[in-house]
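What the coordinates show
Listed below are the residues making up each chain.
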Amino acid sequence: MHPDHYRHTELPPSTEYELYFGPNHPGIEGNYALKARLAGDTVVALEADGGYLHRGFEKLMEQRLWIQNIALVPRICVPDPVPMEETYARAVETLGGLEVPERAQWLRMLVLEMSRLTAHLFYFGGHAATVGLYTNMFWGVSDRDRLLDCFEQLTGARVYHMYITPGGVRRDTPPGFLDSLSEVLDYVEGRLPKFDDLFFDNAVLVRRATGTGTMDQAFAIDYGVTGPNLRATGLAHDLRRDYPYLKYAEVEFDVITETAGDAYARTLVRRGEVIESLRILRQVIDKLRSVPGPIRCPLPNPLAWRIPAGDAYTRTESSKGELAYYIVSDGSAKPWRVHVRGPSQMHAVQTLEALCVGARIEDVAQIMFSLDACPPEVDR
Amino acid sequence: MSIALQLLLMPLAAFLVGLAMVLMMRKVRASVERRIGPPWYQPLFDIYKLFAKDTQISHGVMHDVAIMMVLGGIICVVLFLPVPGMSGLSAKGDLITLLYLMMVPSLGMALGVGQTANPNGSIGIARALTAMAGYEIPFFICVAGAALHYGTTDLNQILTIQQHGGHLEHWGIVQMPLLAVAALFAVHAMLGKEPFEIYVAPAEIATGPMVEMSGKYLGTLFVMQCFQLFTVSVLYTTLFLGGGFSWFTLLLKAFAVVFISVLVTNVYPRYRTDDVLRWQWKWPTGIALLGLGMVMLQIGR
């Protein structure tokens, strides 16, 4: 605005001022904004401001056929879209009484853990970029691309795969896929020491992330924090182990925890989860080599598919936390009501608002990214 | 060569060398980040693109004047910095004049950004001035130590002393290693690179001072960056690396100084503002004071 158009406004004397983070800001994640009130460099109050996505996923889903929503749900979380597909499909299967074949369950686990890996690699880059370490951002994104190549090989798509359908999955593994995926997993594992040198053991990062955005376990439970953010406070809560779905009860993995509850602990938990995901994926690959069978159960004509009336609540451990769908069917060809419980709803609104109070302006972006908030899960 | 021609050629040479340094920075950064990086002509095209844009918003007279102050100040610095074959105005002003002029662009930025009334810009400027307070102290100590050692503040004489007989032992880095190390840290901060890049900090303050600079304003800042890379690296070379007998040796040394800075910047996040001050006042300042003490002992003997 030209200075001639500035309007002079009399305000009461104050040592505080307002600063907008977003909706267009390099330190904001997705279509989202934060309104901060600052005194000097210290945040006095912070208000999360959503509503910039303009999609309205839940209402859109209520306007579409059951099968059409497969194309919509992954868009609710771009960095980690597969849990959206899985949770929606499982809710539809629960309502419709569909039995998912065993091979399809292993294939779903395969893409779920691949998605977790891509999301965590993306997270490493995102967190690093908030503190100015752009090399790690490029490393994370380029290594993630190797996994996206695998996704493309398996599903035909890199980001929005639409691979999991109610009743199973769309395609079986193409010839040689499991071998090429194994090579990529070895590659990712081999890259971890380099990430350690550059990022996790970096003295400046340790100084900046330690003690930043700290929450204790009681706070995390009160505020509905789940997933790696909760585990970073010392609580070993993981739906894959505590309420197993698919074939998670048949694989070995550890639930990674840290106790500090700060930004650094949250990052370390995710680093540990990368190793556990690699471990799970190798077990799943072994199973897929030996488990035969169909990859989906027979479905009726999708354009005239009516799901029996009832409601279902399904949940999945996504890379960000506990993702759940509550779906109500009135027996028609479309859902009557869909509610998405995205973990970022809790992380990006009330938790972020609370953790930023008293933090310095330098750390607002870092706190947000360390919580791995995904704004479309808020603005759904 | 006539002085008029020198005054014309020195900024031109500095600009072209600075452009090459920007390109090197981008290529090295890309290599570390596992990217290909831009083609060799990209920095020039960036400047052309920015200057070709229409300016939609002006924030008033001071905003316009300040940007000229930024560019004018840094060009003045170049004129006082002797390079092979051209001494420019270096006979009229010494090291102290040069250091004084080096502050003008920062003050120009402060005035111009202040006019924009953007809080991100104001915070950025506050941080830039804070960072200056951090690195200027060790840098001044290093410069004072060097001036004491050489017994002069005349840059031409400093070059002559170091180039005497063409031996390495006359170089400042050999004679005053502690001051050379401390000055290198300060130079890195002066270039605004991580871990001291606190005043641009995109994720924190949306690029700070540059947030209201677009089109020609941003283009001018880009040009200033080219000059800044040249002046800082050549000044360090002049004080500690024996300057250059020829343009080839001068550029070799100046590029080496920037190269070290680029390597460091790509593997570190940025500090918090107070950490920058703490670090600069602890390590470079401590090392510089030790170096100054050693120089004073040498003189005392």
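Let me begin by describing the structure that accompanies this report. (Residues numbered from 1 in each chain as written. Chains lettered and ligands numbered in written order. Predicted model: local features only at pLDDT ≥ 70, side-chain atom pairs only at ≥ 80, totals over all residues. Heavy atoms only, no water.)

**A word on the overall build of chain A**
Secondary structure summary: chain A contains 13 helices and eight strands in total. What you see for chain A is a C-alpha radius of gyration of 22 Å, in line with the 21 Å of a compact globule of 380 residues. Taking the principal axes of its C-alpha atoms as reference, chain A extends roughly 70 × 50 × 40 Å. Here chain A holds 380 residues, and 59% of them are scored as buried. A separation threshold of at least 6 residues defines the contact pool for chain A, and within that pool the share at least 24 residues apart is 71%. When the accessible surface of chain A is summed, it comes to about 14,400 Å², and 52% of that surface belongs to carbon and sulfur atoms. If the 40 positive side-chain charges of chain A are averaged to one point and the 51 negative ones to another, these points end up 5 Å apart. (Helix = DSSP H or I, 4+ residues; strand = E, 2+ residues; numbered from the N terminus. Rg over C-alpha atoms; globule rule 2.2 N^0.38 Å. Buried < 20%, exposed > 50% of the residue type's maximum accessible area, 1.4 Å probe, protein only. Contact = heavy atoms within 4.5 Å. Areas by Shrake-Rupley, 256 points an atom, 1.4 Å probe, with all protein chains shown as cover. Lys, Arg positive; Asp, Glu negative; His and termini not counted. Charge placed at Lys NZ, Arg CZ, Asp CG, Glu CD.)

**Side note on unusual backbone geometry**
Most peptide bonds adopt trans geometry, and most residues besides glycine take a negative phi value. Of the consecutive residues glutamate 194 of chain B and proline 195 of chain B, the connecting peptide bond is found in the cis state with omega at 10 degrees. Note that proline 195 of chain B resides in the loop between helix 9 (177–190) and helix 10 (202–205). At methionine 162 of chain A, a position not held by glycine, the phi torsion is positive, near 50 degrees. By secondary structure assignment, the location of methionine 162 of chain A is in the loop between helix 4 (134–155) and strand 4 (164–165).

**What about the pairing of strand 3 (residues 42–49) of chain A?**
Residue and element names in this part refer to chain A. With seven bridges connecting them, strand 2 (residues 33–39) and strand 3 associate as antiparallel partners. Bridge assignment links leucine 34 to a residue of strand 3, and that residue is alanine 48. Hairpin connection of strand 2 to strand 3: two residues between the antiparallel strands, including glycine 40 at a positive phi of 65 degrees. (Pairing = 2+ DSSP bridges.)

**Considering the layout of surface pockets**
When its volume is computed, the largest pocket comes out at roughly 1,600 Å³. Around the largest pocket, the lining comprises 48 residues; the ones closest to its centre are Gly192, Lys193, Val200, Met210 and Gln225 of chain B. Of all the elements in the fold, those that place two or more residues in the lining of the largest pocket are helix 4 of chain A together with helix 1 (3–32), helix 4 (95–102), helix 5 (104–116), helix 6 (119–150), helix 11 (215–240) and helix 12 (247–265) of chain B. Class assignment for the residues of the lining of the largest pocket results in 32 nonpolar, eight polar and eight charged. (1 Å grid on protein atoms, 1.4 Å probe; cavity = no way out; pocket = protein on both sides within 12 Å on 5 of 7 lines; lining within 4 Å. Points joined across faces, edges and corners; volume = space filled by probe spheres on them. Nonpolar A, V, L, I, M, F, W, Y, C, P; charged D, E, K, R; others polar.)

**Overview of the nonpolar core**
In a soluble, globular protein the nonpolar side chains are often hidden away together inside. Core analysis: the largest hydrophobic core is formed by 89 residues, its most contacted members being Leu235 and Phe240 of chain B. Listed in part, the 59 residues of the second largest apolar core include Leu107, Leu192, Tyr248 and Ile280 of chain A. (Core = buried A, V, L, I, M, F, W, Y, C linked by side-chain atoms within 4.5 Å.)

**Section: the sheet that holds strand 6 (residues 310–317) of chain A**
Residue and element names in this part refer to chain A. Read from one edge of the open sheet, three strands run 6-7-8, paired in antiparallel fashion. Each of the sheet's edge strands pairs with one partner strand only, and the pair in question is strand 6 and strand 8 (337–341). Averaged over all adjacent pairs, the angle separating strand axes in this sheet is 10 degrees, with direction ignored. Sheet topology note: the strand 6/strand 7 (residues 322–329) ladder contains eight bridges and is antiparallel. Bridge pairing in strand 7 places aspartate 311 opposite valine 328. Seen against the sheet, helix 2 (residues 82–96) touches strand 6 and strand 7 and runs at an angle of roughly 150 degrees to strand 6. (Axes fitted to C-alpha atoms, helices over the stretch in contact; angles between N-to-C directions.)

**Points about the sheet that holds strand 1 (residues 16–21) of chain A**
Whether parallel or antiparallel, the strands of a sheet pair through hydrogen bonds between backbone atoms. Residues and elements named next belong to chain A. Read across the sheet, three strands follow the order 1-2-3 without closing on themselves; strand pairing throughout is antiparallel. The sheet is open, and its two edges are formed by strand 1 and strand 3, each paired on a single side. Looking at each pair of strands side by side, their axes are set apart by 20 degrees on average, direction ignored. Along the sheet face, helix 11 (residues 343–356) touches strand 2 and strand 3 and points at about 170 degrees away from the line of strand 3.

**Topic: the side chain of threonine 233 of chain A**
All names here are of chain A. Here threonine 233 lies in the loop between helix 8 (227–231) and helix 9 (239–242). Judged by its relative accessible area of 7%, threonine 233 falls in the buried class. A polar contact is formed between the side chain of threonine 233 and the backbone oxygen of leucine 230, at a distance of 2.5 Å. Setting aside its immediate chain neighbours within four residues, threonine 233 contacts Met215, Asp216, Gln217, Ala220, Glu258, Thr259 and Gly261. (Polar contact = N/O pair within 3.5 Å; in protein donor to acceptor, adjacent residues only side chain to side chain.)

**Here's the deal with the side chain of histidine 237 of chain A**
All names here are of chain A. In this fold, histidine 237 is placed in the loop between helix 8 and helix 9. Polar contacts involving the side chain of histidine 237 include one to the side chain of aspartate 242, which spans 3.3 Å. Those residues in contact with histidine 237, other than ones at most four positions away along the chain, are Leu230, Arg231, Asp242, Tyr243, Val255 and Glu322.

**Quick word on the pattern of salt bridges**
All names here are of chain A. Taken as a whole, this structure holds 47 salt bridges over all chains when the rule is applied. Between arginine 37 and glutamate 16 there is a salt bridge, with its nearest N and O atoms 3.4 Å apart. Linking arginine 37 in strand 2 with glutamate 16 in strand 1, this pair joins segments that are 21 residues apart in sequence. The partly exposed category is assigned to glutamate 16, whose relative accessible area is 32%. The salt bridge involving aspartate 363 is made with arginine 208; its shortest N-O contact spans 3.0 Å. With aspartate 363 in the loop between helix 11 and helix 12 (364–370) and arginine 208 in helix 6 (residues 203–209), the pair connects residues that are 155 residues apart, well separated along the chain. The class for aspartate 363 is buried, based on a relative accessible area of 4%. According to the relative accessible area criterion, arginine 208 is buried, its value standing at 0%. (Salt bridge = Lys/Arg side-chain N within 4 Å of Asp/Glu carboxyl O.)

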